[in-house]
Amino acid sequence: MTWPAGYGRTVLAEVDSTLNEASRRFPTLTGPEWILARHQTAARGRRGRAWSNPQGNFAATLMLRDIAPMDGGLRSFTASLALYDAFVAATGRPAGFALKWPNDVLLNGGKVAGILLETIGKGGLSIGIGVNLAEAPAPAQVEQRALRPVSLMAETGARITPEEFLELLAAAFAKYEAQMRQFGFAPIRTAWLARAARLGEVITARLPNEEITGTFQTVDEQGQLVLTTANGPRMIAAGDVFF
Amino acid sequence: MTKKNHDADVAFIEALAKLLRENELTELEVMREYGEADSLNVRVSRAMQAPAPVQYAAPAAAPAAAAPAAAPAPAAESADPADHPGAVTSPMVGTVYMQPEPGAPPFVTVGAQVKEGDTILIIEAMKTMNHIPAPKAGTVKRILVEDGAAVEYGAPLVIIE
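Attention here is on the structure that accompanies the text. Keep in mind it's a predicted model, so treat the numbers as computed, not measured. (Residues numbered from 1 in each chain as written. Chains lettered and ligands numbered in written order. Predicted model: local features only at pLDDT ≥ 70, side-chain atom pairs only at ≥ 80, totals over all residues. Heavy atoms only, no water.)

**Looking at the overall build of chain B**
The test is simple: Labels follow the DSSP assignment, with helices taken as runs of H or I lasting at least four residues and strands as runs of E lasting at least two, numbered in each case from the N terminus. Residue burial is assigned from relative accessible area. The probe radius is 1.4 Å, only protein chains are included, and a residue is buried under 20% of its type maximum, exposed over 50%, and partly exposed in between. Contacts: residue pairs with any heavy atoms within 4.5 Å of one another. Using the Shrake-Rupley algorithm and a 1.4 Å probe, accessible areas are obtained, with residue cover drawn only from the displayed protein chains.
Helices and strands together make up the secondary structure of chain B, namely two helices and 11 strands. Reading chain B from its N end, one meets helices and strands in the order α-β-β-β-α-β-β-β-β-β-β-β-β. Looking at the 161 residues of chain B, the share that counts as buried comes to 40%. Sequence-distant contacts, at least 24 apart, represent 57% of the contacts inside chain B between residues at least 6 apart. When the accessible surface of chain B is split by element, carbon and sulfur atoms take 55% of a total near 8200 Å².

**Let's talk about the packing of aromatic side chains**
All names here are of chain A. Convention followed: Pairing of aromatic rings covers Phe, Tyr and the six-membered ring of Trp, with a centre-to-centre limit of 6.5 Å; geometry is then stacked below 30 degrees between planes, edge-to-face above 60, and tilted otherwise. A ring is scored as having a charge over it whenever the NZ atom of a lysine or the CZ atom of an arginine sits within 6 Å of its centre and within 35 degrees of its normal.
Taken as a whole and assessed by the stated rule, the structure comprises seven aromatic pairs over all chains. Judged by centre distance (5.1 Å) and plane angle (10°), the ring pair of Phe 87 and Phe 97 falls under stacked. Placement of Phe 87 in helix H2 (residues 75–91) and of Phe 97 in strand E4 (residues 97–100) is noted, with a sequence separation of 10 residues between them. Neither residue differs from the other here; Phe 87 and Phe 97 are each classed as buried. Through pairs of rings, three or more aromatic residues link up here, namely Phe 58, Tyr 84, Phe 87, Phe 97 and Phe 165. Against the face of Trp 3 rests Arg 9, its NZ or CZ located 3.8 Å from the ring centre. Over the aromatic face of Tyr 176 sits the side chain of Lys 175, whose NZ or CZ is 4.5 Å from the ring centroid.

**Some points on the interface of chain B and chain A**
Filter applied, for reference: We define buried area as the total accessible area lost by two parts upon association, computed with a 1.4 Å probe and summed across both. Counted as salt bridges are all cases of a side-chain nitrogen of Lys or Arg within 4 Å of a carboxyl oxygen of Asp or Glu. Here a polar contact is taken to be a pair of N or O atoms separated by no more than 3.5 Å, where protein atoms must pair a possible hydrogen donor with a possible acceptor and residues adjacent in sequence count only if both atoms sit in side chains. Classification used: nonpolar for Ala, Val, Leu, Ile, Met, Phe, Trp, Tyr, Cys and Pro, charged for Asp, Glu, Lys and Arg, polar for all others including Gly.
Facing the 29 residues of chain B at the interface are 30 residues of chain A. Summed over both sides, the interface between chain B and chain A buries roughly 2500 Å², with carbon and sulfur atoms accounting for 56% of that surface. Inspection of the chain B/chain A interface yields one salt bridge. A salt bridge links Asp 240 of chain A to Lys 127 of chain B; the nearest nitrogen and oxygen atoms lie 3.3 Å apart. At the boundary of chain B with chain A, the tally comes to nine residue pairs in polar contact (both at pLDDT 80 or more). Counting only elements with at least two residues in the side of chain B that touches chain A, the list comes to strand E5 (94–97), strand E7 (119–125) and strand E8 (128–133) of chain B. If you tally residues by element for the side of chain B that touches chain A, the top one is E8 of chain B, at four residues. Classifying every residue of the side of chain B that touches chain A by side-chain character gives 16 nonpolar, nine polar and four charged.

**Quick look at the sheet that holds strand E7 (residues 113–120) of chain A**
The condition is simple: Whether two strands pair comes down to DSSP finding at least two bridges between them. Axes, fitted as lines to C-alpha atoms, cover a helix only where it is in contact. Angles between the N-to-C directions of the axes lie from 0 to 180 degrees.
Read from one edge to the other, the open sheet built from nine strands follows the order E1(A)-E2(A)-E3(A)-E8(A)-E7(A)-E8(B)-E7(B)-E5(B)-E10(B), with strand pairing classed as mixed. Edge positions in the open sheet fall to strand E1 (8–12) of chain A together with strand E10 (150–151) of chain B, since each of these has one partner strand only. In the packing of H2 of chain A onto the sheet, contacts are made with strand E3 (58–64), E7 and strand E8 (124–131) of chain A together with E8 of chain B, and the angle to E7 of chain A comes to roughly 145°.

**Thoughts on the sheet that holds strand E10 (residues 211–219) of chain A**
All names here are of chain A. Within the open sheet, the five strands sit side by side as E12-E11-E10-E9-E13. Their pairing is antiparallel. Each having just a single partner strand, strand E12 (232–236) and strand E13 (240–242) make up the two edges of the open sheet. Taking each pair of neighbouring strands and ignoring which way they run, the sheet shows an average axis angle of 45°. Sheet analysis places strand E9 (residues 202–206) next to E10, joined by five bridges and oriented antiparallel. By the bridge assignment for E10, Val 202 is matched with Thr 215.

Below you can see the structure in the form of C-alpha cells.
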C-alpha cells in the first residue's frame, strides 16, 4: 500500500487525545495530516463520552483544511467508507462489515470503530478515528442500548498493528476524498448506501428531545438520515441510531 | 398598543411558531381575547418539509413564518430575530449544543463579551461538531435557541451587538 501523496503523517508514542493534538497543530500545519498515537491518556468520544483505548488499538486524527461549513458532516461518509475498505483490505474479505448512519462501522453487528468530527478555526476539520483492532471494551463500559463492542482480532482473527492499519486507511480515505472533491457527494452517497446496514428496515433515531422510529428509506443529498414514519418522511441531521 | 403588550404578542407568536414546528403542523390559528375590542388574532403557517433538498436552495429567513392575519399586532416585521442586524444564523441543519460537553459551562451567556471567531455554540450534524464562531466582536444580547434544539438552515441563533 502506498502512502497517499500530499498527506502528512505524525506518529506519537503518547498523547492526551489525537483530536486535541490536531487542534494544537492546526495553526502550523499547511496540508492534511494524519496524527497517530500508540497511546491516548484522555481519549474522548461524542459529547464528552469516554472512549476506551487499550494498547494495540488504533487511535488517529486526520486534520483537513479548507472545508466549507456545510461539507464537514459529509466527511462522516468518506471516513466510514475508508474505514470499511481498510477493514476489507486487512481481513481480505467484506463479510460481516456494514455501515450505520452516519459513520459507524459494524462488524458482525457489533461496534468495532468510532468516528468523531470537529471543526477547528476557519475551514479546519478533525476526523478522530478509534478502532478496536486488538481489544474491545467490556460491555459494561458502554452505554445501555449501545451496540455490543467488538474487536477486529476477536471477530476475524486478523492481527494488524495501528501503523499498518493507518497505511490502509490513509490510502482508502485519500481515494474517497479525491472522489468527493471532484464529483461531489453523489458517488460517496451511492457507495455508502450500498454498504448500509438495515436499509429498508424499521430503525429508531434518538434526538435530544425525541425518538423517531421509521423505515430507513435513504440518506439524502445533504447526508441526513431519512426515515419514513406514519406522519411522513423525517430528515434527521443529528441523533443516535438504534436497531 | 403598549410596548409591554407588543413584547408579549411577539413572545406568543414565537411560542406558536415553535409549537408548529415541534408538532409537525402546517398551520395554527389562535384568537386571544384581552378585553373588549382588544384581541389578537394570529395565524402561523409553514411550508411542509419536502423530501427533496428544496429547503437548501435559498437561505430562508426563518424556520417558520409568523404572520399575524389581523390587526392589532404589528409584530410581523419586528418579531423575526433573523432580520436583526446582529443576528447570527445557522449555516446548517442540526442540533444545537450550548456547552462543549454535558455539564460544562456554556460557551456564552447573555451579556457576555465575545471576540470575533470565539465559539458561541456547537451545531451537530452527521456526528460533526461544528463550532459556530462569533462573526464579530460584541456583547451577546439574546440567545434564541435552547440546548438540544433542532435548528434549520438560516435559523437565528444569537444576537451579538
